[in-house]
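Below are the chains, spelled out letter by letter.
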Amino acid sequence: MSTDISGVGQPGFVDRYGLAGHDRPYDVDEVAAQIRDLGLRTVRLAVVDQHGVPRGKMMSPSAAIAAMSDGLDFSGAIYSLDTGNQVFVPAFARGGGFGIEEFTGFPDVVVVPDPGTFRVLPWADRTGWMLCDAYFGNGQPMPLDGRGLLRRMLADLGEAGYDYLAGLEVEFSVVIRSPEELAPENAGFTPPPPPVSVFERGYQFLSEVRLDSMAGVLEAVRDALTDIGLPPRSIEDEWGPGQLEFSFAPMAGLAAADAAVLFRSAVKQVCQRRGLLASFMCRPALPNFFSSGWHLHQSLLSRTDGSNAFASASSALSEVGRYWVAGLLAHAAPMAVFAAPTVNGYKRFRPYSFAPDRVTWAVENRGALVRVQGSPGDTSSHVEMRLGEPAANPYLYLASNIAAGLDGIRRGVEPPPAAETDPYAVDAPPLPASLADAVNALDADPFYRKEFGDRLVSYLVMMKRFEIGRYQDALASSPQADGQDVSDWEMREYFEFF
């Protein structure tokens, strides 16, 4: 155990509380050697907040190395901020305003870098990067940390005999930032969205010519992702102007969520250095733009023999796969808060939009909420959840799917009949029509309170209701014009932040 005073965290924090367990590869010496040998000047240490957004500090090499053993003191105030970065709780109330005693008085938490996430950022000068896990000063896991939650859900799945694979398929929009002068009086909570112009024409789905016209930027993004260990499996021109879709080969559960965080951050940073804005807001209020989604492909590997537990010799999906689908459908309404956590995300759930509007499943049908991709004898059969928006917190999104699917397996529940033709015409429960409806469903739901913990669910409900209240106040003071689908408030709240 280290006894040296590093100036960060607590001496020997990781060893003292046994945070480098057998399930966490923790080679501090190897990463420390890389930091020194590469001559890095800065290492960014990032913790992913409740919104799925990385918050970080730029540390000196020696401080970053020390933090891997001692942790790093990090302001717990980030957990009091909503999507507009406004404090949504009576911050100096006991328990931080959300009933967690350790948060009394706006204290620090201790974040511990995970050496397994170490990367060198090729677009930044001599700069490394690591993701962190969050703890209280007494070594207890911080219950609002999504990464820790996902670890727990993966452990539960492992005890049931399975490992989780996820394939990321994320859509987003790129625009050109126009010159602007942001006056100080407009620079508060929250500033107007930046003025933008179209980066590339749309309306030529999967156009090779459109891809080539964006080649300079796409190649820079491709190279940056490849250099940090996330080579895209595909890059596609989507329907809207400057709308793109990136997909990646399947990855293990925690690595997949980490990859989603790093992917979004890398794309935004590479683009902004070129005068562009990459927005993962679901439906920007820009004429002729379209909604973007995050389709989560998933399957299970049997720990017995490593085979795909969703594959079947006689049907598109195995019995275990059907149970998994049944669990996803049963918990879809409260799950929506984790998959579509913004007011804006619910503008996407429309009939005949290639996004779902009701709780259905089908084989090879893009209109269903849950799409099965596979056929008898196909060893790659898997399930695609189409509920998510690209701004979703990756850890909460994956964890909510794992908890729901595992519940279906444990109970041996069969799903309702699959949609054979038009999933928009099936008599099935509708998806929540708004974030408020989804939050009400989560608040009343005993399942996620049991699986995720009452403190986390109550915290998210409180935060989302505060955001919804601000949205409703904004509409009351400035009603939307006739025919206006997405409010000015949403553009201020989400367009640049996500």
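Predicted model only: the values in this text are computed from it and were never measured.

Q: In this structure, what is going on with the packing of helix α9 (residues 332–339) against helix α11 (residues 435–443)? I would like to understand it.
A: Relative orientation and spacing of two packed helices are given, respectively, by the angle between their axes and the distance between those axes. Between α9 and α11, the shortest axis-to-axis distance is 7 Å and the interhelical angle comes to 115°. Viewed along their axes, α9 and α11 form a crossing whose handedness is left-handed. Listed contacts from α11 to Ala333, Pro334, Ala336, Val337 and Phe338 of α9 are Ala438, Val439, Ala441 and Leu442. Of the residues belonging to the contact of α9 with α11, the class tally is nine nonpolar, no polar and no charged.

Q: Explain the packing of aromatic side chains here, please?
A: Geometry of an aromatic ring pair is reported as the spacing of the ring centres plus the angle between the planes. Inspection of the entire model under this criterion finds 31 aromatic pairs. Grouped by ring-pair contacts, the aromatic residues Tyr79, Phe88, Phe98, Phe103, Phe136, Tyr459 and Phe466 constitute a single cluster.

Q: What exactly am I supposed to notice about unusual backbone geometry here?
A: Glycine aside, the phi torsion of most residues is negative, and most peptide linkages are trans. In this structure, threonine 190 follows phenylalanine 189 across a cis peptide bond, with omega equal to -20°. As for its position among the elements, threonine 190 is in the loop between β7 (162–177) and β8 (196–198). Even without being glycine, tyrosine 203 reaches a positive phi, approximately 65°. Relative to the helices and strands, tyrosine 203 resides in the loop between β8 and α5 (208–213). Phi angles above zero are rare outside glycine, and tyrosine 352 is one such case at about 60°. Locating tyrosine 352 in the fold gives a position in the loop between α9 and β14 (361–363). Overall, tyrosine 352 belongs to the exposed group, its relative accessible area being 55%.

Q: So what exactly am I meant to see when it comes to the environment of aspartate 70 here?
A: The residue aspartate 70 is located in helix α3 (residues 61–70) in this model. Residues aspartate 70 and phenylalanine 13, 57 residues apart in the sequence, show an inter-C-alpha distance of 4.6 Å. From its side chain, aspartate 70 meets the backbone nitrogen of glycine 12 in a polar contact 2.9 Å long.

Q: Even after reading the chapter, I still don't get the nonpolar core, so can you show me in this structure?
A: Tyr79, Tyr164, Leu168, Phe263, Leu300, Tyr448 and Phe452 are the most contacted members of the largest nonpolar core, which has 155 residues in total. Among the elements that line this core, the one with the most residues is helix α7 (residues 253–272), at twelve residues. When sequence neighbours within four positions are dropped, the list of residues in contact with tyrosine 448 reads His331, Pro334, Met335, Phe338, Ser400, Ala403, Ala404, Leu442, Gly453 and Val457. Counting residues in each nonpolar core, the second largest holds six residues, with Phe13, Val14, Val112 and Tyr135 among its members.

Q: Would you explain the pattern of salt bridges in this entry?
A: Opposite charge on two side chains makes pairing possible when the charged atoms of those side chains draw close. Tallying each qualifying case throughout the model produces 28 salt bridges. With a shortest N-O distance of 2.8 Å, aspartate 258 and arginine 147 are connected by a salt bridge. In this pair, aspartate 258 is assigned in helix α7 and arginine 147 in helix α4 (residues 146–159), connecting sequence segments 111 residues apart. Judged by relative accessible area, which is 11%, aspartate 258 ranks as buried. You can call arginine 147 buried: its relative accessible area is 2%.

Q: Explanation requested: the packing of helix α13 (residues 454–477) against helix α14 (residues 488–495) in the structure shown.
A: Following both chains from N to C, one finds α13 and α14 inclined at 140°, their axes separated by 9 Å at the closest point. The angle between the axes of α13 and α14 places the two elements in the oblique class. Taken together, the residues of α14 that come into contact with α13 (itself represented by Glu467, Arg470, Tyr471 and Ala474) are Trp489, Glu490 and Glu493. Residue classes in the contact of α13 with α14 are distributed as three nonpolar, no polar and four charged.

Q: What is the right way to look at a nonpolar patch on the surface in this model?
A: Together, Tyr203, Phe205, Leu206, Trp239 and Phe290 make up an exposed nonpolar region whose accessible area comes to about 470 Å². If you trace the backbone, phenylalanine 205 turns up in the loop between β8 and α5.

Q: Sorry if this is basic, but what is going on with empty space enclosed by the protein here?
A: With a probe scaled to a water molecule rolled over the atoms, the places where space remains empty come into view. For the structure on display, the rule yields four cavities of 30 Å³ or more. Of the volumes computed, that of the largest cavity is approximately 110 Å³. Considering the residues around the largest cavity, the lining is formed by 14 residues, among which Gln50, Val337, Pro341, Leu396 and Lys464 are closest to the centre. The dominant element in the lining of the largest cavity, judged by the number of residues it contributes, is α13, at three residues. Its residues assigned to classes, the lining of the largest cavity comprises eight nonpolar, five polar and one charged.

Q: For this particular structure, what's the right way to read the side chain of asparagine 308?
A: Within the secondary structure, asparagine 308 sits in the loop between β13 (294–302) and α8 (319–330). By relative accessible area, which is 15% here, asparagine 308 ends up buried. Separated by 2.9 Å, the side chain of asparagine 308 and the backbone nitrogen of phenylalanine 310 make a polar contact. There is a polar contact of 2.9 Å between the side chain of asparagine 308 and the backbone oxygen of threonine 379. Ignoring any residue separated from it by four or fewer positions in sequence, one finds asparagine 308 in contact with Ser299, Leu300, Leu301, Thr379, Ser380 and Ser381.

The rules behind the values
Residues numbered from 1 in each chain as written. Predicted model: local features only at pLDDT ≥ 70, side-chain atom pairs only at ≥ 80, totals over all residues. Heavy atoms only, no water. Axes fitted to C-alpha atoms, helices over the stretch in contact; angles between N-to-C directions. Helix = DSSP H or I, 4+ residues; strand = E, 2+ residues; numbered from the N terminus. Left-handed = near helix turned anticlockwise from the far one by under 90°. Contact = heavy atoms within 4.5 Å. Nonpolar A, V, L, I, M, F, W, Y, C, P; charged D, E, K, R; others polar. Phe/Tyr/Trp six-rings, centres within 6.5 Å; stacked < 30°, edge-to-face > 60°. Buried < 20%, exposed > 50% of the residue type's maximum accessible area, 1.4 Å probe, protein only. Polar contact = N/O pair within 3.5 Å; in protein donor to acceptor, adjacent residues only side chain to side chain. Core = buried A, V, L, I, M, F, W, Y, C linked by side-chain atoms within 4.5 Å. Salt bridge = Lys/Arg side-chain N within 4 Å of Asp/Glu carboxyl O. Parallel < 35°, antiparallel > 145°, perpendicular 65-115°, else oblique. Patch = residues over 30% accessible without salt bridge, like charges linked within 9 Å, V, L, I, M, F, W, Y side chains within 5 Å. Areas by Shrake-Rupley, 256 points an atom, 1.4 Å probe, with all protein chains shown as cover. 1 Å grid on protein atoms, 1.4 Å probe; cavity = no way out; pocket = protein on both sides within 12 Å on 5 of 7 lines; lining within 4 Å. Points joined across faces, edges and corners; volume = space filled by probe spheres on them.

So yeah, pure geometry; function would need other evidence.
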